[in-house]
Amino acid sequence: MATYAEMREIYDDIRGDFRYDHELNGCLNCGICTATCPSAQFYDYSPREIVQLLWTENVEQVYDAMQEKIWACAQCMTCAARCPFKNSPGGLVMIMREVAIKHGMQSAKDVLRPFGRVMLKLITTGNQLSPDMIQPDHFPDWGPNIQKVEGNLKTLRKAIPMRTLQTTDTAWEVSLKTSVEMYTIWEMTGVLNSLETMDENLFDVIEDFIDEKREEYDEWLEEQEGKGD
Amino acid sequence: MSTEQIQGIAGHGSFFQPTHLGAEEAAKATDWVRKHVDRRTMDLGERMDDIREHMWELEKEGEIIVHRITDAHKPVEVQTLFGWTKKIPTIQLWHHKSCGQCGNIPGYPTSLLWFMNQFGYEPGRDYLDETDQTSCTAWNYHGSGIGNVESLAAVFLRNFHQAYVSGKQHGHGLGHFFPLVHCGTSFGNYKEIRKYLVESAELRERVKKILGKLGRLVDGKIVIPEEVVHYSEWVHVMRNRIASELQKVDVSNIRVTMHAACHYYKMVHEDAIYDPTVLGGNRTAIGTSVAQALGAQVIDYSTWYDCCGFGFRHIISEREFTRSFTMNRKIRVVREEANADVLIGNDTGCITTMDKNQWIGKAHEQNFSVPVMADVQFAALACGADPFKIVQLQWHASPCEELVEKMGISWTDAKKNFEAYLKEVEAGRIEYLYNPELALGGH
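Just so it is clear, the structure is predicted and the values come from calculations on it, not from any experiment.

Some words on the overall build of chain B
The number of helices and strands found in chain B is 19 helices and 11 strands. Here the C-alpha radius of gyration of chain B, 22 Å, is about what a compact globule of 443 residues would show, namely 22 Å. Expressed as lengths along the three principal axes of its C-alpha atoms, the size of chain B is roughly 65 × 60 × 40 Å. Here chain B, with 443 residues, has 65% of them falling under the buried criterion. Contacts in chain B between residues at least 24 apart in sequence constitute 77% of all its contacts with a sequence separation of at least 6. Counting only carbon and sulfur atoms, one obtains 48% of the accessible surface of chain B, whose full area is about 15700 Å². Looking at chain B, you have 47 positive and 56 negative side-chain charges, and the mean spots of the two groups are 1 Å apart.

What follows is the structure, encoded as structure tokens:
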């Protein structure tokens, strides 16, 4: 259990985000946000409750809500579109999720563990998912009729009449230079540090991958220079 | 426990007590809420800033460069939520792809490019599809919280800088191609980030350092687009030309329902398109408007405003939420209440969610289904596009064959032709929408 000082630090980090004042302007407890919230229908989650806890500076219950409740939000932003006060409960949840990660909260680690392969794909390729991830083995609940034509995935992808889409391990072909630029963004904005806090093993795999891609790019650059000589 | 009881208690805290109101009394008690959530609301317009005005000021002060929509982009003006004007470029477009669409629903971008070709657009001059782009990375951000405003802003500016300079390698000037965003989440995310960038000098300074390191500044400045434009807005402004110049199939017997993506019209909602001639102006016009222009029967339904249940992380690792929500609040309603022949959408996650999660409903005796596809795929079918080669319906799990047959197109024949075409593909004889070299910077 965290001490009050730790909980206070987390709360102050949430309040300190520059978006906080955009997202929270007051609350009448009208409940329109919860009435239109998809997650409120299936989870013990209410956007109105999140807003109220923050609005009333309820430091301990804010910390409690960060254990599970904030991860129920589907991020549809219906609440934000509907709030008469122009609050964005979904936006507040995003700030809270970022803070949960910054503080390496165990609950965040638990929630995100099954999401690892998506993070791996995104951080290394800039694509969120790829055709080879969407196979019946990964999604048995999507049924046997997941595709309407049988065939080799590579051939089926080649039959898409756009050059950029004829891939299987990325959604589209991303140039090597583009990927390397993206790795710089991850490094300079602290995304790789967040990843290391959340999942050290995943971070190691990603770091190796990035090193390899950078080497590949350097070699390509050298080759180009060689051609120019 | 009944569904009603579960829905009533979840999310309302332990103090929740059922009211035991009758259906009529409950409807009366919540009437004002329903009126508020089910109608277009205009009352916030006066209190809201138009961020685009601040962009022009920043440009005057020498802080940023605004990537302009010029006459060369042949823009069409439309009205957004508060009656503000938005310019939609119709030509010289840089296709900013969607990872979910390209990975999972490739008929989305292929139908869109097919339309551009049908209008006589020349690839490399009138549009460009290239490899120098990443996704917006916002799916991961909304799902996991890994990422931050700075990383999202840097990705946004990097991609849009590439759009700004992409014409050069094809012999055009700076700003020739204007970005056309395919994904709903990218569209919402980029607009949100644009707002933060315009409002926060500190954020601009921080990302400028990153963009500088990447060589992605122009005259030492960041480039921000005049408008963030979604592909469904292009389809919206082209709808009458699509119907009058290209339509081949009568769709007046087809009952169409629309699911508009939350991130299209609920994020930065002041920028979504509304039109008084489409669903009374109470719903965003995109998607519905093209079905209407094609002469289909557009059916409104009671859960129109609901999310699809995608949830970003949920569709991957809490799928019971995603499939329960989509089956109960979307598929069941469009099937049983609207008796729809098709449910069309304008975004990646929604189509995936609603298309893929129908089969599992059988486990709970939810034995209903409806074909699900994008607005642009439906329009392409109506204009005679091949259901497999162009509309790429082979990747869909929902019963799209039922819609195709009802439109008078033989699914069996089209499938046979496609299977024969796969042999050609294996032999290296591939039909492209554009010269594949263009994707890599060639001519």
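What to know about the domain arrangement of chain A
Its domain assignment divides chain A into domain 1 (4–103) and domain 2 (112–228). Domain 1 of chain A and domain 2 of chain A are separated by 32 Å when their C-alpha centres are compared.

Focus on the packing of helix H1 (residues 4–16) of chain A against helix H7 (residues 89–102) of chain A
Residue and element names in this part refer to chain A. For the pair H1 and H7, interaxial distance at closest approach is 9 Å and the crossing angle is 135 degrees. Between H1 and H7, the angle falls in the class oblique. When you trace H1 past H7, the crossing you get is right-handed. Contacts from Ile 10, Asp 13 and Ile 14 in H1 reach Ile 95, Met 96, Val 99 and Lys 102 in H7. Its residues assigned to classes, the contact of H1 with H7 shows five nonpolar, no polar and two charged.

Re the sheet that holds strand S11 (residues 372–374) of chain B
Residue and element names in this part refer to chain B. One open sheet holds the four strands; their spatial order is S9-S8-S10-S11, and the pairing between them is parallel. Edge positions in the open sheet fall to strand S9 (297–298) and S11, since each of these has one partner strand only. Across four bridges, the pairing between strand S8 (residues 255–259) and strand S10 (residues 342–345) is parallel. Across the sheet, Val 256 pairs through a bridge with Val 342, a residue of S10. Packing of helix H17 (residues 375–382) onto the sheet brings it into contact with S8, S10 and S11, and relative to S11 it is tilted by some 90 degrees.

Quick word on the domain arrangement of chain B
All names here are of chain B. Domain boundaries in chain B define domain 1 (52–225) and domain 2 (248–424). When each unit is reduced to the centre of its C-alpha atoms, the spacing between domain 1 and domain 2 is 26 Å. Counting residues at the interface gives 33 residues for domain 1, matched by 35 residues for domain 2. Around 3000 Å² of area is buried between domain 1 and domain 2 when both sides are counted, 66% of it from carbon and sulfur atoms. The three residues of domain 1 that bury the most area against domain 2 are Tyr 108, Trp 114 and Trp 139, which together make up 20% of that side's buried surface. Residue Asp 271 is joined to Lys 86 by a salt bridge in which the shortest nitrogen-to-oxygen separation is 2.6 Å. At the junction of domain 1 and domain 2, the tally comes to 15 residue pairs in polar contact (both at pLDDT 80 or more). If you list the elements that add at least two residues to the side of domain 1 that touches domain 2, you get strand S2 (76–79), strand S3 (85–88), helix H5 (99–104), helix H6 (107–118), helix H7 (138–144) and helix H9 (184–199). Examining the composition of the side of domain 1 that touches domain 2, we find that eight residues originate from one element, H9, more than from any other. Tallied by class, residues from the side of domain 1 that touches domain 2 come to 14 nonpolar, 15 polar and four charged.

Looking at the pairing of strand S7 (residues 222–225) of chain B
Residues and elements named next belong to chain B. The two faces of S7 match: Ile 222 and Ile 224 on one face and Val 223 and Pro 225 on the other face are all buried. As defined by bridge partners, strand S1 (residues 64–67) adjoins S7 across four bridges and the pair is classed as parallel. Residue pairing across strands places His 67 opposite Pro 225, the latter belonging to S7.

Observations concerning helix H4 (residues 51–60) of chain B
All names here are of chain B. Those residues of H4 not exposed but buried are Ile 51, Arg 52, Met 55, Leu 58 and Glu 59. Projected down its long axis, H4 shows its buried positions confined to an angular sector of 110 degrees, all on one face. When the buried face of H4 is taken as reference, the exposed residues oriented beyond 90 degrees from it are Glu 53 and Lys 60. Positive backbone phi, approximately 80 degrees, marks Gly 62, located one or two places after H4.

Digging into the interface of chain B and chain A
The interface is formed by 116 residues belonging to chain B together with 91 residues belonging to chain A. Buried surface at the junction of chain B and chain A, both sides included, amounts to about 8900 Å², of which 66% is carbon and sulfur. The largest per-residue losses of area from chain B upon contact with chain A belong to Ile146(B), Arg313(B) and Trp395(B), which jointly make up 8% of the total buried on that side. Our enumeration of links across chain B and chain A arrives at five salt bridges. The shortest N-O distance in the salt bridge between Arg319(B) and Asp141(A) comes to 2.8 Å.

Considering the pattern of salt bridges
Counting across every chain of the model gives 44 salt bridges over all chains. The shortest N-O distance in the salt bridge between Asp12(A) and Arg8(A) comes to 3.4 Å. Placement of both Asp12(A) and Arg8(A) in helix H1 is noted, with a separation of four residues, approximately one turn of the helix. Residue classification places Asp12(A) among the partly exposed residues on the basis of a relative accessible area of 37%. Here Arg19(A) ties to Glu98(A) by a salt bridge, and the two come within 3.0 Å at their closest N and O atoms. Note that Arg19(A) is positioned in the loop between H1 and helix H2 (20–23) and Glu98(A) in helix H7, a separation of 79 residues in sequence. In this structure Arg19(A) comes out as buried when scored by relative accessible area, which is 5%. If you follow the salt bridges from partner to partner, you end up with Lys177(A), Glu181(A), Asp132(B), Arg158(B) and Arg216(B) in one network.

With respect to the nonpolar core
With 212 residues, the main nonpolar core has Ile14(A), Leu54(A), Met66(A), Phe115(B), Trp234(B), Phe378(B) and Met407(B) as its most contacted residues. Sequence-distant contacts of Ile14(A), defined by excluding residues within four places in its chain, comprise Tyr20(A), Leu54(A), Val62(A), Met66(A), Ile95(A), Met96(A) and Val99(A). Of all hydrophobic cores here, the second largest spans five residues; its members include Ile65(B), Tyr164(B), Val218(B) and Val223(B).

Some details on the sheet that holds strand S6 (residues 178–181) of chain B
Residue and element names in this part refer to chain B. Across the sheet, which stays open at both edges, the three strands sit in the order S5-S4-S6 with parallel pairing between neighbours. With partners counted over all chains shown, the strands left at the sheet margins are strand S5 (127–128) and S6, one partner each. Bridge count between strand S4 (residues 93–96) and S5: two bridges; the pairing is parallel. Residue pairing for S5: Leu 93 is matched across the bridge by Tyr 127. Along the sheet, H6 makes contact with S4, S5 and S6, crossing S4 at roughly 165 degrees.

With respect to the packing of aromatic side chains
Counted according to the given criterion, the structure contains 24 aromatic pairs over all chains. Taking 5.4 Å as the distance between ring centres and 75 degrees as the angle between the ring planes, the aromatic pair formed by Phe18(A) and Tyr196(B) counts as edge-to-face. Taken together, the residues span two chains, with Phe18(A) in the loop between H1 and H2 and Tyr196(B) in helix H9. Assessed through its relative accessible area of 5%, Tyr196(B) is described here as buried.

Criteria and thresholds
- Residues numbered from 1 in each chain as written.
- Chains lettered and ligands numbered in written order.
- Predicted model: local features only at pLDDT ≥ 70, side-chain atom pairs only at ≥ 80, totals over all residues.
- Heavy atoms only, no water.
- Helix = DSSP H or I, 4+ residues; strand = E, 2+ residues; numbered from the N terminus.
- Rg over C-alpha atoms; globule rule 2.2 N^0.38 Å.
- Buried < 20%, exposed > 50% of the residue type's maximum accessible area, 1.4 Å probe, protein only.
- Contact = heavy atoms within 4.5 Å.
- Areas by Shrake-Rupley, 256 points an atom, 1.4 Å probe, with all protein chains shown as cover.
- Lys, Arg positive; Asp, Glu negative; His and termini not counted.
- Charge placed at Lys NZ, Arg CZ, Asp CG, Glu CD.
- Domains from an automatic or database assignment.
- Axes fitted to C-alpha atoms, helices over the stretch in contact; angles between N-to-C directions.
- Parallel < 35°, antiparallel > 145°, perpendicular 65-115°, else oblique.
- Left-handed = near helix turned anticlockwise from the far one by under 90°.
- Nonpolar A, V, L, I, M, F, W, Y, C, P; charged D, E, K, R; others polar.
- Pairing = 2+ DSSP bridges.
- Buried area = accessible area lost by both parts, 1.4 Å probe.
- Salt bridge = Lys/Arg side-chain N within 4 Å of Asp/Glu carboxyl O.
- Polar contact = N/O pair within 3.5 Å; in protein donor to acceptor, adjacent residues only side chain to side chain.
- Arc of directions from axis to C-beta.
- Core = buried A, V, L, I, M, F, W, Y, C linked by side-chain atoms within 4.5 Å.
- Phe/Tyr/Trp six-rings, centres within 6.5 Å; stacked < 30°, edge-to-face > 60°.

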